[in-house]
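The residues making up each chain are set out below.
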Amino acid sequence: MQFGTDLASRARAAPALAVEALSYAYPDATAPALSDVSLELAPGELVVLAGRSASGKSTLLRAACGLVPHFHGGEIEGRVEVAGLDALASGPGELASAVGYLAQDPETQVVSTTVAAEIELPLEMRGEPPSARARAVEEVALALAIPHLLGRTADTLSGGELQRVALAAVLVTRPQLVLLDEPTSQLDPVAGDELIWLLRRLNEEWGVTILLAEHRLERCLAAADRVVAMDGGAIAFDGPPRDFLGWAQEADVALETPAARLFSLCGIEPLPVGVRDARQTLAGRGKAGTPLTQLFPKEGGPRSPRGGFGKSTSRSEDARPPSNEALLVHDLWVELDAGEGPRDILRGIDLALHRGERVALMGRNGAGKSTLLRSIAGLVAPVRGKVELADGVALLTQNPGDYLVRERVRDELPGEAGAAALRAVGLEHAHDADPRDLSGGERQRLALAIALAGRMEGEGLPALVALDEPTRGMDRARKDELVSLVATLADCGAAVLVATHDVEFAATFAERVVLLGEGVVIADGPAPEILSGGWYFATEVARVLDIPGVVTPDQGAAALRQSADFVVWDQIAPQTTKSREGNGEGR
Amino acid sequence: MRSPFAYTPRRGPLQSASPGAAVAYLGAFAVVAFAYSSPVVLLAAGVGLVIAGRLAGAGAAVRAALRMGLTLALLIVAVNALVVDRGETVLARLGEWPLLGQINVTAEALAAGAAIGLRAAVVMVAFAVYSACVDPDRVLRALRPLAGRSALTATLVSRLVPVAAADAARLRDAARLRGPGAAPVGRAPLARRLLAGSLDRAVDVAATLELRGYSLAPRRPHPPAAATFFRWKPMKKRCDRVGGWGRSGGRAGVRRRSRYDRRFYAVGAILLAAAIAGKALGADAFSEYPTVAVGLGPATLALSALLLLAGFAPFRRSPVPRVAHPTPRSQTASNSLPARGGI
């Protein structure tokens with residue numbers, strides 16, 4: 001390609017991104033979104049941008065691609081330079097030849113009808129000849145494994161496919177800097193892992209500099225060269241991934257990865273940046289010559305004081321009285337037409353849920369999770385089979401904002417039924433608030449209250465409360481709030497069914513996991529068993545320890561402590577973790 | 001649920017054709033529908049379009065357009081019968097109506113309404129086939145050099161329509177999922193919420209277009225380096241035709257021409273010429289009042305036959321191998337059967 005030769009020569013001497021003393025406030029905002037941010041990315045680096053929700057990650061990415069301030073307006077101070085171009089003087093269009101930006105929602109990032117035209121558009125805007133466009137489209141499609149999508153229209157793609165197409169449109173111009181804002185938030189664990197390693201490959205083979213904002217750090221730390229953590233619009237940490245984990249251990253445990261948490265609980269050093277790293281460290285601490293996986297028996301695993309890890313922590317289905325059933329799905333077949341002719345989305349699903357049960361519904365993108373929830377709620381008519389509900393269902397779909405149509409909470413939920421629903425989700429204090437003034441987690445709870453209102457008998461709940469992908473874009477703290485809410489709902493007698501891609505979240509809240517594949521239930525069992533029995537649908541702790549039934553850091557730490565053959569660091573050198581140098585001082 | 005009118009990529013001749021060729025072909029039917037009143041010609045145009053749509057794989061779009069078109073036609077027939085009291089064959093006397101006065105339903109008014117309704121239905125089917133078979137990206141790309149801002153607006157609208165439709169479907173679902181104790185959601189709050197959401201969506205889509213470089217000044221394609229030095233024009237033509245330098249195919253950027261273009265341009269041109277000639281030769285012989293008279297002269301019948309035949313233009317012949325490879329029967333036989341006198 002011939003474009004960008006000037007940029008290339010300039011970029012040889014310039015960092016991929018240089019931000020200096022950047023402060024920014026959105027129009028009419030009461031507080032700045034960015035405060036005195038200074039950051040430099042060398043060409044070819046892969047940097048992970050960590051931080052809680054609203055810490056300024058997305059705003060920093062928007063400033064780096066020129067959308068802030070050119071598109072969003074607001075007040076800005078400081079300097080942003082991208083590949084030698086002054087981002088505050090150049091608009092996003094001019095910067096687009098040097099920087100590509102992928103936002104959270106792929107739905108609004110596709111502007112053409114067909115996939116091929118979408119990927120080709122940026123090249124066409126730059127006046128590339130048809131031959132160069134054809135070759136670039138073909139190559140980027142091959143790189144992202146989407147050549148089979150080129151002839152399809154955008155409105156027939158799943159969220160994960162749309163995300164890849166949007167990424168292809170970003171990469172097709174071969175920008176020097178790629179900015180990604182939670183690109184895995186809508187992807188299943190398989191596609192999420194594939195995307196991260198694809199980015200690493202592009203980074204290594206094409207030399208692309210990557211700045212990746214992500215909440216699920218366990219997915220991407222192993223691929224990162226550096227981590228930048230943001231807090232309140234400022235940079236709180238900037239350093240290598242291992243140092244970041246040490247910093248997070250002391251500054252913000254919500255940013256710790258599960259494997260690092262496991263090591264922290266056991267007092268093992270150094271903290272691992274990935275599964276391989278963790279396994280190597282643990283293998284070195286086992287009995288000489290004993291592989292880690294042989295330290296524990298495959299069946300059952302070590303036992304905790306509260307019960308066996310390898311056993312189900314849920315009440316088994318057989319132990320429940322038949323009358324306790326909240327949901328019974330029998331031989332459910334659902335056929336949908338996404339534009340390519342009718343297709344069976346669900347194929348003979350059989351499922352029974354009991355009151356008080358907490359169940360995670362998992363599976364790849366397009367496996368049929370949302371369709372199953374929609375069928376249960378009566379939004380989709382089955383072609384065969386039946387759904388029996390003991391006492392109603394409340395379904396919260398993927399976008400809680402769809403439930404909020406009025407300007408006051410009290411207008412959404414009037415009367416005693418509304419007040420009872422607000423109490424059920426812990427939002428009674430927000431009766432007079434504007435829904436837009438609530439936090440993301442509160443808006444989600446409000447939407448759930450709207451779905452629950454009038455379906456409760458007194459303070460009771462419907463037989464089934466279902467949530468579809470409730471953790472998209474959530475940080476760890478908000479997920480913990482959601483876990484508490486799910487526990488409360490289950491304690492009040494509702495069966496809670498949550499469709500999710502987030503295995504760590506599922507391990508925290510669920511006692512049972514139902515795994516769908518191509519519209520069929522391929523696994524159904526206790527969460528510790530399902531989430532430790534595979535590779536993709538397994539937690540990071542399960543992948544590190546490979547002990548049946550051990551899926552959370554707490555379980556893993558207990559398991560490690562109980563192994564007589566295993567040398568746990570804090571048994572021989574307690575509290576030595578504080579002696580590390582450099583952690584928290586990475587900048 | 002996807003709209004039946006949404007474009008669906010297929011490998012058929014009509015989908016492969018350039019937008020100009022498809023517009024010339026389908027536009028010729030629409031021109032006939034607008035220019036003619038003869039029910040015979042209109043019916044032939046409608047049947048021709050239905051055949052074309054079915055052959056192009058747009059059966060769902062044709063069915064949906066027929067449903068809508070025939071409903072509209074019935075409405076037009078009813079309204080025409082009530083408001084027009086011309087014609088000699090009175091079928092019903094409905095007495096004095098407020099505002100409308102004396103209502104007499106005549107067979108001629110019904111026939112006139114049917115002709116107008118048929119015309120509307122034919123035009124709707126033509127647009128339905130166009131919508132389902134012609135890639136809007138290619139249309140916008142063709143329009144961009146002529147009217148950049150209009151093409152940008154059209155791009156935004158064409159993207160926002162399906163996004164807004166998806167948003168509306170989600171909002172409707174959420175409204176259905178509200179508990180009985182929550183405030184009911186009428187159409188007005190839902191529409192307000194959809195409008196507010198659409199504005200947010202429009203901002204996001206506009207930001208994406210900005211990032212894709214839509215605001216950059218229009219640039220001419222870079223000429224291939226070798227072409228500027230050596231045989232520029234012929235090589236450029238070759239580049240556009242076959243997809244460029246060093247490549248003989250590809251799925252993007254190179255779909256500029258189709259081997260079916262000539263067929264559709266030719267059929268469109270023949271239809272237009274025949275329509276003009278037919279007008280001159282009295283093929284549009286139809287009068288509603290005072291009594292219905294439908295001409296069935298040779299010109300009318302010839303034009304109708306041509307319209308029916310034109311409907312087969314999107315037909316694709318199944319490939320037949322031109323070179324037959326002989327089956328090595330003798331070899332097979334000799335392998336499987338023992339030779340006479342053998343073993």
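Residues numbered from 1 in each chain as written. Chains lettered and ligands numbered in written order. Predicted model: local features only at pLDDT ≥ 70, side-chain atom pairs only at ≥ 80, totals over all residues. Heavy atoms only, no water.

### Observations regarding the nonpolar core
Note the following rule: As used in this record, nonpolar core signifies buried Ala, Val, Leu, Ile, Met, Phe, Trp, Tyr and Cys residues forming a set joined through side-chain atoms within 4.5 Å. Whether a residue is buried, partly exposed or exposed follows from its accessible area with a 1.4 Å probe, protein chains only, as a fraction of its type maximum: under 20%, in between, or over 50%, in that order.
If you look at the biggest cluster of nonpolar residues, it comprises 84 residues, and the most contacted ones within it are A:M362, A:L372, A:Y403, A:L446, A:L452, A:F509 and A:L531. Counting 71 residues, the second largest nonpolar core, distinct from the first, contains A:A191, A:L195, A:L271 and A:A559.

### Section: a positive patch on the surface
Quick note on the threshold: Surface patches are defined over residues having more than 30% relative accessible area and no salt bridge, joining like charges when they lie within 9 Å and nonpolar side chains (Val, Leu, Ile, Met, Phe, Trp, Tyr) when within 5 Å. Using the Shrake-Rupley algorithm and a 1.4 Å probe, accessible areas are obtained, with residue cover drawn only from the displayed protein chains. Salt bridges are defined as contacts in which a side-chain nitrogen from Lys or Arg sits within 4 Å of a carboxyl oxygen from Asp or Glu. We score Asp and Glu as negative and Lys and Arg as positive, and we do not count His or the chain ends. Taken as the charge centre is NZ of Lys, CZ of Arg, CG of Asp or CD of Glu, depending on the residue. Secondary structure elements follow DSSP: runs of H or I of four or more residues count as helices, runs of E of two or more count as strands, with numbering from the N terminus.
A contiguous patch of positive charge, built from B:R11, B:R259, B:R263 and B:R316, is present on the exposed surface. Inspection of the secondary structure puts B:R11 in the segment before α1 (13-16).

### Brief notes about the environment of B:N80
All names here are of chain B. Rules: Contact criterion: two residues are considered in contact whenever any of their non-hydrogen atoms come within 4.5 Å of each other.
Its location among the elements puts N80 in helix α4 (residues 59-83). Owing to a relative accessible area of 12%, N80 belongs among the buried residues under this scheme. For the pair N80 and A21, spaced 59 residues apart in sequence, the C-alpha separation works out to 37 Å. With residues near it in sequence (within four places) discarded, N80 still touches A109, A112, G113 and Y289.

### Here's the deal with the packing of aromatic side chains
All names here are of chain A. Here is the rule we go by: Side-chain rings of Phe, Tyr and Trp (the six-membered ring for Trp) are treated as a pair once their centres are within 6.5 Å; stacked means planes under 30 degrees apart, edge-to-face means over 60, and tilted covers the remaining angles. Ring-over charges, as used throughout, are those where CZ of Arg or NZ of Lys falls within 6 Å of the ring centre and within 35 degrees of the ring normal.
The final tally for this structure, using the stated rule, is seven aromatic pairs over all chains. Aromatic side chains F237 and F244 sit 5.9 Å apart centroid to centroid with 55° between the ring planes, which places their arrangement in the tilted category. Taken individually, F237 and F244 each receive the classification buried, so the pair is uniform in this respect. Here F505 and F509 contribute two aromatic rings whose centre-to-centre distance is 4.8 Å and whose plane-to-plane angle is 35°, an arrangement assigned as tilted. Of this pair, F505 and F509 both sit in helix α18 (residues 503-509), separated by four residues, roughly a single helical turn. We classify F509 as buried; its relative accessible area is 2%. Taken together, the aromatic side chains of F237, F244 and W247 make up a single cluster linked through ring pairs. The residue whose ring lies beneath R543 is W535, and the NZ or CZ to ring-centre distance is 5.4 Å.

### Topic: the confidence of the model for chain A
Residues and elements named next belong to chain A. Our working rule: The score called pLDDT rates the predictor's confidence residue by residue, from a low of 0 to a high of 100.
For chain A, per-residue confidence averages 83 on the pLDDT scale, and residues scoring 70 or more make up 86% of the total. Least confident of the elements in chain A is strand β12 (residues 307-308), whose mean pLDDT is 37; most confident is strand β9 (residues 226-231), at 96. Confidence over residues 1-8 falls short of pLDDT 50; this stretch has 18 contacts with residues more than four positions distant or in other chains.

### Quick word on the state of the cysteines
Residue and element names in this part refer to chain A. Heads up, the rule is: Note on terminology: disulfide denotes any pair of cysteine sulfur atoms within 2.5 Å.
The final tally for this structure, using the stated rule, is zero disulfides over all chains. Free of any disulfide, C65 has its nearest cysteine sulfur in C220, 19 Å distant. Owing to a relative accessible area of 1%, C65 belongs among the buried residues under this scheme.

### Some words on the interface of chain A and chain B
Inclusion rule: Accessible area that two parts lose when put together, with a 1.4 Å probe and added across both, is what the buried area reports. In this classification, Asp, Glu, Lys and Arg are treated as charged, Ala, Val, Leu, Ile, Met, Phe, Trp, Tyr, Cys and Pro as nonpolar, and every other residue, Gly included, as polar.
The partner chain B presents 62 residues to the 74 residues of chain A that form the contact. Both faces combined, the contact of chain A with chain B buries some 5,700 Å², and carbon together with sulfur accounts for 55% of it. In this structure, B:D173 and A:R374 form a salt bridge, with 2.7 Å as the shortest nitrogen-oxygen distance. Put simply, the parts of the chain that give the side of chain A that touches chain B at least two residues each are α4 (92-95), α5 (115-125), α6 (130-143), α7 (159-171), α14 (409-412) and α16 (440-452) of chain A. The greatest single-element share of the side of chain A that touches chain B, amounting to eight residues, is contributed by α5(A). Its residues assigned to classes, the side of chain A that touches chain B shows 36 nonpolar, 18 polar and 20 charged.

### With respect to the confidence of the model for chain B
Looking at chain B, pLDDT values average 79 and 78% of them are 70 or higher. The complex prediction reports pTM at 0.76, with the ipTM value standing at 0.77.

### As for the packing of helix α3 (residues 39-55) of chain B against helix α12 (residues 298-310) of chain B
Residue and element names in this part refer to chain B. We count it as follows: Axes here refer to lines fitted to C-alpha atoms; in helices the fit is confined to the stretch in contact. Angles between the N-to-C directions go from 0 to 180 degrees. An angle counts as roughly parallel when it lies under 35 degrees, as roughly antiparallel when it exceeds 145, as roughly perpendicular when it falls between 65 and 115, and as oblique in every other case. Put simply, a crossing is left-handed when the front helix is turned counterclockwise from the back one by less than a right angle, and right-handed when it is turned clockwise.
Relative to each other, α3 and α12 sit at 10°, their axes nearing to 7 Å. Classified by the angle between their axes, α3 and α12 sit roughly parallel to one another. Taken as a pair, α3 and α12 cross one another with a handedness that is right-handed. Residue-level contacts link V40, V41, A44, A45, V47, G48 and I51 of α3 to T300, L303, S304, L307 and L308 of α12. Taken together, the residues of the contact of α3 with α12 sort by class into nine nonpolar, three polar and no charged.

### Observations concerning the pattern of salt bridges
Side-chain pairs of opposite charge can arise whenever the charged atoms involved come near each other. Residue and element names in this part refer to chain A. The final tally for this structure, using the stated rule, is 35 salt bridges over all chains. Of the charged contacts, one joins E416 and R423 as a salt bridge, the two residues approaching to 3.0 Å between their closest N and O atoms. You can call E416 exposed: its relative accessible area is 54%. Of the charged contacts in the structure, one is a salt bridge between R512 and D524, with a shortest N-O distance of 2.9 Å. Placement of R512 in strand β20 (residues 512-517) and of D524 in strand β21 (residues 520-526) is noted, with a sequence separation of 12 residues between them. Residue classification places R512 among the buried positions, given a relative accessible area of 4%.

### Let's talk about the environment of A:I196
All names here are of chain A. Position of I196 relative to the elements: it lies in helix α8 (residues 189-206). Spatially, the C-alpha atom of I196 lies 23 Å from that of G517, the residues being 321 residues apart in sequence. Non-local contacts of I196, meaning those with residues more than four positions away in its chain, are made with T184, L212, R219, C220 and A223.

### Re the sheet that holds strand β5 (residues 85-86) of chain A
All names here are of chain A. Which entries qualify depends on this criterion: By the convention used here, strands pair only if DSSP detects at least 2 bridges between them.
Reading across from one edge, β2-β1-β4-β5 is the order of the four strands in this open sheet, with antiparallel pairing throughout. The open sheet has two edge strands with one neighbour each: β2 (34-41) and β5. Of the pairings in the sheet, the one linking strand β1 (residues 17-25) to strand β4 (residues 75-82) comprises seven bridges and is antiparallel in character. Bridging across to β4, V19 finds its partner in V80. Each of β1, β2 and β4 is contacted by helix α2 (residues 57-65), which is oriented at about 120° to β1, the strand it contacts most.

### Looking at unusual backbone geometry
Following A:V68, the chain continues into A:P69 via a peptide bond in cis, with omega recorded as 5°. Tracing the chain through its elements places A:P69 in helix α3 (residues 67-70). Of the consecutive residues B:Y289 and B:P290, the connecting peptide bond is found in the cis state with omega at 0°. On the secondary structure map, B:P290 appears in the loop between β3 (286-287) and β4 (293-294). In this model, A:A145 sits at a positive phi of 60°, which is unusual for a non-glycine residue. For A:A145, the location among the structural elements is in the loop between α6 and α7. Of note, A:R174 is a non-glycine position whose phi angle comes to about 50°, a positive value. With respect to the helices, strands and loops of the structure, A:R174 is situated in the loop between α7 and β7 (177-181). Here A:R174 falls in the partly exposed class, since its relative accessible area comes to 45%.

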